[in-house]
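Next come the chains, spelled out residue by residue.
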Amino acid sequence: MHSQLLPPSLALLLTACASVPNTPAHAPRITPPNRLDAAAANDAAITGTDRWWTAWGDPALDALVEKSLEANADIRAAKAHVAAARALVTVAESALYPTVAANGTAWASQSDAGIDDKWQAMLPSLSGNSGSGYLVGLGATWEADLFGGRHADAEMARALSESTARTADGVRLMVAADVVENYQQLQGLRRRLDVLDRSEATASRLVDYAAARQRTGAATAADVTRARNGLEALRASRPALTSLVDARKRRLAVLAGDVPEQAPDMVASATFETPDAPTGQLPSDILDRRPDVAARSWLVNARAARLKSLKADLLPRFAIHFLGQNGHIELGALPGYGGTGGLVGLSASMPLFNAGRLQASVKAGDAELEAALANYDQAMLSALEEVESAYGFRAGLDERLAGLIRTSDMARRRADQLAILYDAGRTQLGDVLQARLDALSDEDKMEQTRIAQGTATVQLYRALGGGW
């Protein structure tokens, strides 16, 4: 069989008939600033953000983060999404290559047929004869991507795969930050419980002292009641703190891929300190490092490739086809028949009328690209806002903590001074005990601020897109 190839003049005619809508050029509208407002960010010394949690200097925390990055269920799901997206890249790229398929058929038959008397002289009897045959073939089709539509589809799949991978990076960042935040809060809550233990012991001594003074007539029942009220208020605050400790343990267990009921009893760290705020951070570096911004950027690339593919659908499509077959048929005493055949052809198709569907698809793709760019711009703006706010929160808490440290130091000095006066017989023990309770109250406020400071630091590293 023979097939005449499409004349080049007809292909040019089909191309000339195509009407591709013009779409405006698209580009991000946001230009990152050269520097941040935060003073710490503009320090000349650059703080590394890879494995940023090691800045806390706690081996137990390091081990917990590493375990969570391996076993966390959200990270496992994100890895699976990345694997699926990368497999779809292969699917899209397969359209760039020929499709080859083989087929084959074989059969056998048994017949029992008689022939009228007038034909028996001319043909041998077919009664009881058998037949067999086979047919094998090989076919191939390849679409020539003259206008880049299939290449654009593959480019879109690769961009979506990269966007999915950056989203998975974001999941890893969030898990690491969640681990550090809960761990440092757990350590802070334990410090607060230690302060509470010392406060209860001091308040109990004050109750005993007030009761003793009442027995001697030097104090009233109201004085004893007031001392007991202070002690009971301290005791009432313990259940809330212990429940928060347990909640942090359960959260850390789940982040590490364990059931909450098997949360380990983590050892308290006496040297756990919040590191200084990271310095030397440039907006351009932050935006390049942020997983969410990178994911949005790849989505823009995917939408641009999608628009290119939609435009290519309005243009002619050409394909080369090949079919080759070999077969043989044999039936009883009849002579066998067999042979080999082949067909090579070129096909072309051109959309002539589709009620505006393809043109509307191009307009929709153009709008989707504009939306992706707007989302990318918003991601950059949100990232810069988060960084500036995180630096601001950390700076404010640093100032508050510095003030509380000064206040706590003065409260302790006052308690020590009153103790000296008590030893000299110039003041009462109750004044000393109350001063120590006041100092312990200031110490608790200081520990609460340290917890908030640690949380702000975690949020800052998250905003900076810290790596792992």
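- Going by the annotation in an unreviewed UniProt entry, the name recorded for the protein chain is TolC family protein, with Sphingobium yanoikuyae given as the source organism.
- Its UniProt record gives the protein chain a comment under Sequence similarities (unreviewed entry), which states: "Belongs to the outer membrane factor (OMF) (TC 1.B.17) family."

**Comments concerning the nonpolar core**
Here comes step 1: Of all hydrophobic cores here, the largest spans 28 residues; its most connected members are Trp 52, Trp 56, Leu 61, Val 65, Val 179 and Val 180.
Here comes step 2: Residue assignment for this core shows that the elements contributing at least two residues are α2 (59–71), α5 (149–215), α6 (221–255) and α10 (429–463).
Here comes step 3: In terms of residue count, the dominant contributor to this core is α5 (eleven residues).
Here comes step 4: Aside from chain neighbours lying at most four places away, what touches Val 180 is Trp 52, Trp 53, Trp 56, Leu 61, Val 65 and Val 458.
Here comes step 5: Listed in part, the 27 residues of the second largest apolar core include Leu 36, Ala 41, Leu 287 and Ala 390.

**With respect to the packing of aromatic side chains**
Here comes step 1: Tallying each qualifying case throughout the model produces four aromatic pairs.
Here comes step 2: Taking 5.9 Å as the distance between ring centres and 75° as the angle between the ring planes, the aromatic pair formed by Trp 52 and Trp 53 counts as edge-to-face.
Here comes step 3: Accessibility expressed as a relative area gives 1% for Trp 52, which makes it buried.
Here comes step 4: In this structure Trp 53 comes out as buried when scored by relative accessible area, which is 0%.
Here comes step 5: A centroid spacing of 6.3 Å and a plane angle of 55° characterise the contact between Trp 56 and Tyr 461, whose relative ring orientation is tilted. Here Trp 56, found in the loop between α1 (8–17) and α2, pairs with Tyr 461, found in helix α10; they are 405 residues apart in sequence, far enough to count as distant. Assigned by exposure class, Trp 56 and Tyr 461 land together as buried.
Here comes step 6: One aromatic cluster is present, formed by Trp 52, Trp 53, Trp 56 and Tyr 461 through successive ring pairs.

**Thoughts on the pairing of strand β3 (residues 317–331)**
Here comes step 1: Pairing between strand β2 (residues 130–144) and β3: 14 bridges, direction antiparallel. By the bridge assignment for β3, Gly 133 is matched with Ile 329.

**Some remarks on the side chain of Arg 150**
Here comes step 1: Structurally, the position occupied by Arg 150 is in helix α5.
Here comes step 2: Overall, the relative accessible area of 11% leaves Arg 150 in the buried class.
Here comes step 3: Of the polar contacts made by the side chain of Arg 150, one reaches the side chain of Asp 153; its length is 3.1 Å.
Here comes step 4: What Arg 150 contacts, discounting residues up to four positions off in sequence, is Ala 95, Leu 96, Glu 143, Asp 145, Ser 309, Asp 313 and Arg 317.

**Concerning α6**
Here comes step 1: The terminal C-alpha atoms of α6, which comprises 35 residues, lie 52 Å apart, in line with the 51 Å expected from a rise of 1.5 Å per residue.
Here comes step 2: Listed as buried for α6 are Val 224, Ala 227, Leu 231, Leu 241, Val 245, Lys 249, Leu 252, Ala 253 and Leu 255.
Here comes step 3: Where α6 terminates, the next one or two residues include Gly 257, which has phi positive at roughly 85°.

**Focus on the environment of Ile 405**
Here comes step 1: Mapped onto the fold, Ile 405 is located in helix α9 (residues 357–423).
Here comes step 2: On a C-alpha basis, the gap between Ile 405 and Lys 445 in space is 9.6 Å, while along the polypeptide they are 40 residues apart.
Here comes step 3: Ile 405 has contacts with Met 446 and Arg 450, leaving out every residue within four places of it along the chain.

**Things to note about the packing of helix α3 (residues 73–93) against α5**
Here comes step 1: Here α3 crosses α5 at 170°, and the two axes come no closer than 8 Å. By the criterion of interaxial angle, the relationship of α3 to α5 is roughly antiparallel. Contact with α3, carried on its side by Asp 74, Ile 75, Ala 78, Lys 79, His 81, Val 82, Ala 85, Arg 86, Leu 88, Val 89, Ala 92 and Glu 93, involves Asp 153, Ala 154, Ala 157, Arg 158, Ser 161, Thr 164, Ala 165, Ala 168, Val 171, Arg 172 and Val 175 of α5 and no other residues of that element.
Here comes step 2: Residue composition of the contact of α3 with α5, grouped by class: 13 nonpolar, three polar and seven charged.

Definitions and cut-offs
- Residues numbered from 1 in each chain as written.
- Predicted model: local features only at pLDDT ≥ 70, side-chain atom pairs only at ≥ 80, totals over all residues.
- Heavy atoms only, no water.
- UniProt positions renumbered as here; feature names shortened; annotations may be inferred.
- Core = buried A, V, L, I, M, F, W, Y, C linked by side-chain atoms within 4.5 Å.
- Buried < 20%, exposed > 50% of the residue type's maximum accessible area, 1.4 Å probe, protein only.
- Helix = DSSP H or I, 4+ residues; strand = E, 2+ residues; numbered from the N terminus.
- Contact = heavy atoms within 4.5 Å.
- Phe/Tyr/Trp six-rings, centres within 6.5 Å; stacked < 30°, edge-to-face > 60°.
- Pairing = 2+ DSSP bridges.
- Polar contact = N/O pair within 3.5 Å; in protein donor to acceptor, adjacent residues only side chain to side chain.
- Expected span 1.5 Å × (residues − 1).
- Axes fitted to C-alpha atoms, helices over the stretch in contact; angles between N-to-C directions.
- Parallel < 35°, antiparallel > 145°, perpendicular 65-115°, else oblique.
- Nonpolar A, V, L, I, M, F, W, Y, C, P; charged D, E, K, R; others polar.

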